[in-house]
Amino acid sequence: MQPRTTGNQSGEKLLNVLEFIILKGEPQRLQDIANELSMNKSTTLRFLKTLVNTGYINQNPETSKYAATYKICALANKVNLYTELRKIARPYLEQLAKIFGESVNMAVEDQMTSVYVDVIRGSSQSLVTVQKIGNAAPMHCTGNGKVLLLNYTDEDLDRLIEVKGLTKYTEYTLTTKEALRAELEKIRKRGYAYDEQEREVGARCLAFPIYGDNGKVIAGMSVTGPQNRMTDEVLLPKLEEFRKITLEISHRMGYQVFE
């Protein structure tokens, strides 16, 4: 058991303040929060300011009382969404693994990165260190990342480039906004994305989007393998089957297409 450091004690106290306000269910005064949690006012106020700044609580300017916002609900809903998505998608991932005979995975966006939420490993050791549940990958040079970027506006792309950059991993990586934007337009028109050795030399990836009830892309599903096995001759005849699978998952997640 690790010793409790000052840092993690502070983290516990911060969470205690948040939990107290949520469980009370009504706005609370600074003094009452401090008394109930046996903390001094200055420490309590510091934690409250952090929670206000991060959007988890707000302070009524008239009463000075603190109340929880719906941010925590939004996070809980996202967890529920991804749990339900993974449960629904798992049999389809297994089906794709049999169809292609390669690694298949599903990823969602988290803080401008593509995060793997389910993986079925193929026989190839390609990308074995990358494709693990919970691992993050850049969005501009991966198949799943590109389909997740279909949600981005031009301003969103600017923000991604500012915060994350367009790191060059191989000679094939797209490293300019113009190249990435042109690639996204191609993906929108054809409905799927490729990673053409952009993350790792010798590896090729094909990805389709999964849509939610609001019409936005909520996940990407992809198949990845060595370039010499992931040829057009192998992939193109299976595109429609892949498309139908991701569309069926989308429908089960509430997505509807109105003619």
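What counts as what
- Residues numbered from 1 in each chain as written.
- Predicted model: local features only at pLDDT ≥ 70, side-chain atom pairs only at ≥ 80, totals over all residues.
- Heavy atoms only, no water.
- Helix = DSSP H or I, 4+ residues; strand = E, 2+ residues; numbered from the N terminus.
- Contact = heavy atoms within 4.5 Å.
- Areas by Shrake-Rupley, 256 points an atom, 1.4 Å probe, with all protein chains shown as cover.
- Disulfide = S-S within 2.5 Å.
- Buried < 20%, exposed > 50% of the residue type's maximum accessible area, 1.4 Å probe, protein only.
- Salt bridge = Lys/Arg side-chain N within 4 Å of Asp/Glu carboxyl O.
- Pairing = 2+ DSSP bridges.
- Patch = residues over 30% accessible without salt bridge, like charges linked within 9 Å, V, L, I, M, F, W, Y side chains within 5 Å.
- Polar contact = N/O pair within 3.5 Å; in protein donor to acceptor, adjacent residues only side chain to side chain.
- Expected span 1.5 Å × (residues − 1).
- Arc of directions from axis to C-beta.

Q: What's the story with the overall build of the chain in this structure? I'm lost.
A: Each helix and strand counted, the chain has nine helices and eight strands in total. Projected onto its principal axes, the C-alpha positions of the chain cover 70 × 40 × 40 Å. Taking the intrachain contacts of the chain between residues at least 6 apart in sequence as the baseline, contacts between residues at least 24 apart amount to 57%. Of the roughly 14300 Å² of accessible surface on the chain, a fraction of 50% belongs to carbon and sulfur atoms.

Q: Would you mind showing me how to read the state of the cysteines here?
A: When the sulfur atoms of two cysteines share a covalent bond, that bond is a disulfide. All told, the structure shown has zero disulfides when counted by the stated rule. Note on C141: no disulfide assigned, nearest cysteine sulfur contributed by C205 at a separation of 11 Å. C205 sits in the buried class, given a relative accessible area of 4%.

Q: Got a minute to help me understand the side chain of S222 in this structure?
A: Tracing the backbone shows S222 in strand β8 (residues 217-226). Under the relative-accessibility criterion, S222 is labelled buried at 2%. For S222, the contacting residues outside a window of four places in its chain are S103, V104, N105, N144, C205, L206, A207 and F242.

Q: In this structure, what is going on with the pattern of salt bridges? I would like to understand it.
A: Close approach of charged atoms allows side chains with opposite charge to pair. Tallied over the full model, the rule gives 18 salt bridges. The closest approach of N and O atoms between K87 and E84, which form a salt bridge, is 3.5 Å. Of this pair, K87 and E84 are both found in helix α4 (residues 71-100), three residues apart, which corresponds to roughly one turn of the helix. Relative accessible area serves as the criterion here: at 58%, K87 is assigned to the exposed category. The shortest N-O distance in the salt bridge between E183 and R190 comes to 4.0 Å. Among the charged side chains, a network of salt bridges with common partners joins K146, E183, K186, R190 and E198.

Q: What am I meant to see in the sheet that holds strand β5 (residues 136-137) here?
A: Strand-to-strand pairing in sheets goes through backbone hydrogen bonds, with the strands running parallel or antiparallel. Pairing is antiparallel across the open sheet formed by six strands, whose spatial order is β5-β4-β3-β8-β7-β6. Whereas interior strands pair on both sides, the edge strands pair on one side only; in this sheet they are β5 and β6 (193-196). The sheet contact formed by strand β3 (residues 103-110) and strand β4 (residues 113-120) spans seven bridges and is antiparallel. Directly across from A107, in β4, lies its bridge partner Y116.

Q: It is not clear to me how a nonpolar patch on the surface should be interpreted in this structure. Could you clarify?
A: Taken together, the side chains of I22, I72 and L75 define a hydrophobic patch exposed on the protein surface, amounting to about 210 Å² of accessible area. With respect to the helices, strands and loops of the structure, L75 is situated in helix α4.

Q: Explain the side chain of K146 to me, please; I cannot follow it from the model alone.
A: For K146, the position within the fold is in helix α5 (residues 143-148). Separated by 2.7 Å, the side chains of K146 and E198 make a polar contact. Aside from chain neighbours lying at most four places away, what touches K146 is M139, H140, C141, E183, L184, I187, A193, Y194, D195 and E198.

Q: Can you walk me through helix α7 (residues 177-190) in this structure?
A: The first and last C-alpha atoms of α7 sit 20 Å apart over 14 residues, in line with the 20 Å expected at 1.5 Å per residue. Listed as buried for α7 are K177, L180, E183, L184 and I187. All buried residues of α7 project into a common sector of 130° when viewed along the axis, lining one side. Among the exposed residues of α7, those oriented more than 90 degrees off its buried face are E178 and K189. One or two steps after α7, the chain reaches G191, where phi turns positive at roughly 95°.

Q: Before we go on, may I ask you to explain the environment of L51 in this structure?
A: Looking at the element boundaries, L51 is found in helix α3 (residues 41-53). The exposure class of L51 is buried, given its relative accessible area of 3%. Those residues in contact with L51 that sit more than four places away from it in its chain are L14, V17, L18, Y56 and I57.

Q: I would appreciate a short explanation of the environment of Q28 in the present structure.
A: Among the structural elements, Q28 can be located in the loop between α1 (6-24) and α2 (30-36). With relative accessibility at 8%, the residue Q28 sits in the buried group. C-alpha separation for the pair Q28 and E171, spaced 143 residues apart in sequence, amounts to 57 Å. When near neighbours in sequence (up to four residues on either side) are disregarded, Q28 contacts F20, I33, K65 and Y66.

Taken by themselves, the reported measurements are silent on function.
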